[in-house]
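Descriptive analysis of the structure
Below are the chains, spelled out letter by letter.
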Amino acid sequence: MSNTIAVGIQWGDEGKGKIVDLLTPEVDIVARFQGGPNAGHTLVIGDKKTVLNHIPSGVLHDDTLCLIGNGTVVDPFRLVEEMDMLIAAGIPVAERLKISDRCQLILPYHRALDAAREAAKGEGKIGTTGKGIGPCYEDKTARRGIRLVDLTSPDLDARIDANLEYVNFMLTQYLNAAPVNRADVEVALDLAKARLLPLAADVPLILQKRIKAGDSVLYEGAQGSMLDVDHGTYPFVTSSNTVAGAALAGLGVGPGQVDAVLGICKAYTTRVGSGPFPTELYNAEGMCDAENAGKHMAEKGQEFGATTGRPRRTGWFDAPVVQHAVRINGVTGLAITKLDVLDGLAEVKLCVAYELDGVRLESMPSCCHQLDKLVPVYESMPGWSESTFGATSFDQIPERAKALLRRIEEVCECPVRMLSTGPDRDHIIHL
Ligand code: GDP
Ligand code: IMO
Ligand code: MG
C-alpha cells in the first residue's frame, strides 16, 4: 500500500480504528498526528474488543512500528494505563511504540480547567470529553506547555510553578473551582519520566529514514473533519486540526510523503457533544423522528461513545458535510462503515443540499447560527430487508444498498473504496 492518510470525515467515531487496524498488514508504520485521549478507537477481533485512546490502531500487529507524533497531546496516566492494558493482553507495546519528544503533556490542571470551564458554561457547554484537550492545546499555543522532552529540562520546576500560579488563579478566582495540588502534578511528571521518556524519539528522523528505505506509512487521524478547529462547526469543535493536512505538521513529514487520503464515514451520521447537526433525527434529550429511523441507528449501531460512554446523536447521511470534507482533506477514496446498521429500514434518506431561509446553498456555511437554521433537502430511497452484516463480497450486497452507495459516490464526487459491514476486522469489502 502507498503512504495513506486515514481521516474521519464526519463528527468522529466513523470507525477509524477498525479501518486502520485492518489496513495495517499492508504498511510498515502506523502514526497518530493529532488529538489525545479524547479519541476512542475500537478494534474488534473475534470476541475480543480493544479500545485505544492514544496508541495507533496498528499496535495489535507484529512487525509494525507505531508512532505518536508531536501534534498529539498525551496524558501520562491514560497512556500508561493503555500500555498496561495491552501488556496484560500479551502485546509487547514498548517494543512497538515510539513517542515524539515534542509531544505536549496533559497534566492534572488541564483536566481541572476543562471541567471547570464546561461547568461555568452551563447550557452553552461544548460537551467536551473532559480529558483536558482544549487547555493543553491552549498552553501549547501560548508557549507555556510542558513537552515530553522538557521533563529533563533544568527549568521544569520553575515552569510548573508558573503554570500552577496562573491556573490556580483562574480556577479559584474566576471559575469558582478547587485549586490543583503540586503533588498531583508531580505524580504525573514522575510517571511520564519513568514510563514515557524511555520511548521518546525523534519521530521525523525515524520517518525520513524508514520512508527512504522504502517503508510505507499509514497516518491515523482522530476525531473528524467537522470537529476540526478551523474547518468544523466552530466553536463546537475540538482544539486541533483534524484534517489530512495536519498529518504533515503533526509528525514532521512533507507533502511528497503522502500518496492517498482515505475519508472514513458512516452510511449515516452521528455526533457526541453539543453543536449543530443538520440531519439529526434522534438524541438522548428526547428528539425522535416519526419513523424511528434515528432510534434504529442508535440502537442497532450501538451508538455510545467509546471514551465517555455518552449516547451519540444520530441522523441521515449528510452529503454536504462529506463534500466539504472531501474538499478540505483532498480525499481520494471513501471508506463507508456501518452499512449493516441501515438493514431493515423501510426507507433510507440522503441529504443532498441545504436550504437557509428558503435559499438553496452550494456549500456548508461557516457560522454556527446559520448551521443551526439549515433545512436539509432529502432524497428518499427504498430500504432493504436483507442482512448485510458481515458481508465480505460486493455480490452479497442487495441492489437497493448498492444504489445508495452509487448515489453517495455521485453526490460526493468521490469513489467508494471500502465498505464495512460489521465491527470485526474481517467484516470488510474492498472495491
Ligand atoms: P473511531 O473513533 O472512528 O475509531 O470509531 P469508534 O470506535 O469510536 O466507533 C465506531 C464503532 O462502530 C465501534 O464500536 C466499532 O466497533 C463499530 N463499527 C465499526 N465499523 C462497523 C461496521 O461496519 N458495522 C458495525 N455494526 N459496527 C462497526
Ligand atoms: P474519535 O477519534 C467523537 C468531541 C466532543 C466534543 C468536542 C470537543 O474517537 O473519533 P474535546 O474533549 O476534544 O475538547 O471535545 O469534540 N470529540 C469527539 N467526538 N469522537 C471523538 O474522537 C471525539 N473527540 C472529541 O464530544 O463535542
Ligand atoms: Mg471514537
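Heads up: the structure comes first, above all this text.
Okay, so let's go over this structure. (Residues numbered from 1 in each chain as written. Chains lettered and ligands numbered in written order. Predicted model: local features only at pLDDT ≥ 70, side-chain atom pairs only at ≥ 80, totals over all residues. Heavy atoms only, no water.)

Considering the overall build of the protein chain
Convention followed: By definition, any uninterrupted DSSP run of H or I lasting at least four residues is a helix, any uninterrupted run of E lasting at least two residues is a strand, and each is numbered from the N terminus. For this measure, only C-alpha atoms enter the radius of gyration; the expected value for a globule follows 2.2 Å times N^0.38, where N is the number of residues. Each accessible area value is a Shrake-Rupley result obtained with a 1.4 Å probe; residue values ignore everything except the protein chains displayed when judging cover. A residue counts as positive if it is Lys or Arg and as negative if it is Asp or Glu; His and the chain ends are not included. A single reference atom marks each charge: NZ on Lys, CZ on Arg, CG on Asp, CD on Glu.
Counting secondary structure elements, the protein chain contains 13 helices and 21 strands. In terms of C-alpha radius of gyration, the protein chain reaches 21 Å, essentially the compact-globule figure of 22 Å for 431 residues. On the principal axes, the C-alpha backbone points of the protein chain span a range of 65 × 50 × 40 Å. Accessible area of the protein chain: about 17,400 Å², with a carbon and sulfur share of 51%. Side chains of the protein chain carry 43 positive and 56 negative charges; the gap between the two charge centres is 2 Å.

Topic: the site of ligand 1
Convention followed: Nearness of a residue to a molecule or strand requires only that one of the residue's heavy atoms be within 4 Å of it. Here a polar contact is recorded for every N or O atom pair within 3.5 Å, except that within protein the pair must consist of a potential hydrogen donor and a potential acceptor, and residues adjacent in sequence are included only if both atoms are side-chain atoms. When residues are sorted by character, Ala, Val, Leu, Ile, Met, Phe, Trp, Tyr, Cys and Pro go into the nonpolar class, Asp, Glu, Lys and Arg into the charged class, and all the rest, Gly among them, into the polar class. All the domain ranges listed were derived from an automatic or database domain assignment.
Residues in contact with ligand 1 amount to 20 residues; listed here are only the nearest, G15, K16, T42, D340 and S420. Between ligand 1 and the protein, one listed contact pairs an oxygen atom with a backbone N or O atom of G40 at 2.8 Å. S420 places a side-chain nitrogen or oxygen 2.5 Å from an oxygen atom of ligand 1. In isolation ligand 1 has 590 Å² of accessible area, and contact with the protein removes 92% of it. Elements with a contribution of two residues or more to the shell around ligand 1: α1 (16-23) and β3 (41-45). Of the residues that constitute the shell around ligand 1, the class distribution is 4 nonpolar, 9 polar and 7 charged. Here the shell around ligand 1 spans two domains, since at least three of its residues come from each of domain 1 (4-99 + 200-262) and domain 3 (265-430).

Observations regarding the pairing of strand β20 (residues 416-420)
Two faces, one strand: in a regular strand the side chains alternate between the faces of the sheet. Worth spelling out the cut-off: The buried label goes to any residue with under 20% of its type's maximum accessible area, the exposed label to any with over 50%, and the partly exposed label to all in between, with areas taken from a 1.4 Å probe on protein chains only. The pairing criterion for strands is at least two bridges between them, as found by DSSP.
Burial analysis of β20 places 4 of its 5 residues in the buried class, which makes it a mostly covered element. Both strand β16 (residues 333-337) and β20 contribute to a ladder of 3 bridges, which runs parallel. Looking at the pairing, I336 lines up with L419 of β20. Sheet topology places β20 next to strand β21 (residues 428-430); 3 bridges connect them, and they run antiparallel. What sits directly across from L419, in β21, is I429.

Focus: the site of ligand 2
Around ligand 2, 21 residues are found, and the nearest of them are D13, K16, H41, T129 and T238. K16 is positioned such that a nitrogen or oxygen atom in its side chain is 2.7 Å from an oxygen atom of ligand 2. Between Q223 and ligand 2, the recorded distance is 2.8 Å, taken from a backbone N or O atom to an oxygen atom. Contact with the protein chains hides 97% of the accessible area of ligand 2, taken as 550 Å² for the molecule alone. Looking at the shell around ligand 2 residue by residue, the class counts come to 8 nonpolar, 10 polar and 3 charged.

Some words on the sheet that holds strand β13 (residues 280-282)
Sheet strands line up and pair through hydrogen bonds in the backbone, either parallel or antiparallel. The line we're drawing: The convention used is that axes are lines fitted to C-alpha atoms, helices contributing only their stretch in contact, and that angles between N-to-C directions extend from 0 to 180 degrees. Should any heavy atoms of two residues lie within 4.5 Å, those residues are considered in contact.
Reading across the sheet, the 3 strands line up as β12-β14-β13 and stay open at both edges, with antiparallel pairing between neighbours. With partners counted over all chains shown, the strands left at the sheet margins are β12 (269-271) and β13, one partner each. Averaged over all neighbouring strand pairs, the angle between strand axes comes to 40°, with direction disregarded. Summarising the sheet, β12 and strand β14 (residues 313-315) pair through 3 bridges and their orientation is antiparallel. Bridged to T269 within β14 is G315. Contacts between helix α10 (residues 293-300) and the sheet are confined to β13 and β14, with β13 contributing the most and set at about 75° to the helix.

A few points about the coordination of the magnesium ion (ligand 3)
Between any two of four tetrahedral donors, the ideal angle at the metal is 109.5 degrees; between two of six octahedral donors, it is 90 or 180 degrees. Here is the rule: In this listing, donors mean N, O and S atoms no farther than 2.8 Å from the metal, or 3.2 Å for Na, K and Ca; water is missing from the atoms, so a site can look incomplete.
The coordination sphere of the magnesium ion (ligand 3) contains the protein donors D13 (OD) and G40 (O), at a distance range of 2.1 to 2.2 Å. Placement of D13 in the loop between β1 (4-8) and α1 and of G40 in the loop between β2 (29-32) and β3 is noted, with a sequence separation of 27 residues between them.

Concerning the packing of helix α4 (residues 108-121) against helix α6 (residues 156-174)
This is how the line gets drawn: An angle counts as roughly parallel when it lies under 35 degrees, as roughly antiparallel when it exceeds 145, as roughly perpendicular when it falls between 65 and 115, and as oblique in every other case. Left-handed describes a crossing whose near helix is turned anticlockwise from the far helix through less than a right angle; right-handed describes the clockwise counterpart.
Remark: α4 packs on α6, axes separated minimally by 11 Å, with the N-to-C direction vectors making an angle of 15°. With respect to α6, the axis of α4 lies roughly parallel. By crossing handedness, the relation of α4 to α6 is classed as left-handed. Across from Y109, A112, L113 and A116 in α4, the residues of α6 making contact are I160, N163, L164, V167, M170 and L171. A class-by-class count of the residues in the contact of α4 with α6 yields 9 nonpolar, 1 polar and no charged.

So, the environment of M381
Position of M381 relative to the elements: it lies in strand β19 (residues 375-382). M381 gets classed as buried once you look at its relative accessible area, which sits at 15%. Placed 23 residues apart in sequence, M381 and L404 show a C-alpha to C-alpha distance of 7.3 Å. Excluding residues that lie within four positions of it along the chain, M381 makes contacts with E347, V348, A403, L404 and R407.

Quick word on helix α7 (residues 182-196)
Inclusion rule: By this rule the span expected of a helix is its residue count minus one, scaled by 1.5 Å. Starting at the helix axis, one direction is taken to each C-beta atom, and the arc is that of these directions.
Taking 1.5 Å per residue, 15 residues should reach 21 Å; α7 reaches 20 Å between its end C-alpha atoms and fits that length. Those residues of α7 that fall on the buried side of the exposure criterion are V185, A188, L189, A192 and L196. Down the axis of α7, the smallest arc covering the buried residues is 95°, so these residues share one side.

Re the pattern of salt bridges
Here is the rule we go by: Salt-bridge detection follows one rule: a side-chain nitrogen of Lys or Arg within 4 Å of a carboxyl oxygen of Asp or Glu.
For the coordinates displayed, the defined rule picks out 24 salt bridges. Between D155 and R159 there is a salt bridge whose closest N-O contact spans 3.8 Å. On the accessibility criterion, R159 (25% relative accessible area) is partly exposed. Among the salt bridges present, the one from K402 reaches E399, with a minimum N-O distance of 3.6 Å. Of the two residues, K402 and E399 both sit in helix α13 (residues 399-412), 3 residues apart, roughly one turn of that helix. The exposure class of K402 is buried, given its relative accessible area of 12%. What makes E399 exposed here is its relative accessible area of 53%. Here the salt bridges do not stand alone but share partners, grouping D13, K266, E303, R312 and K338 into one network.

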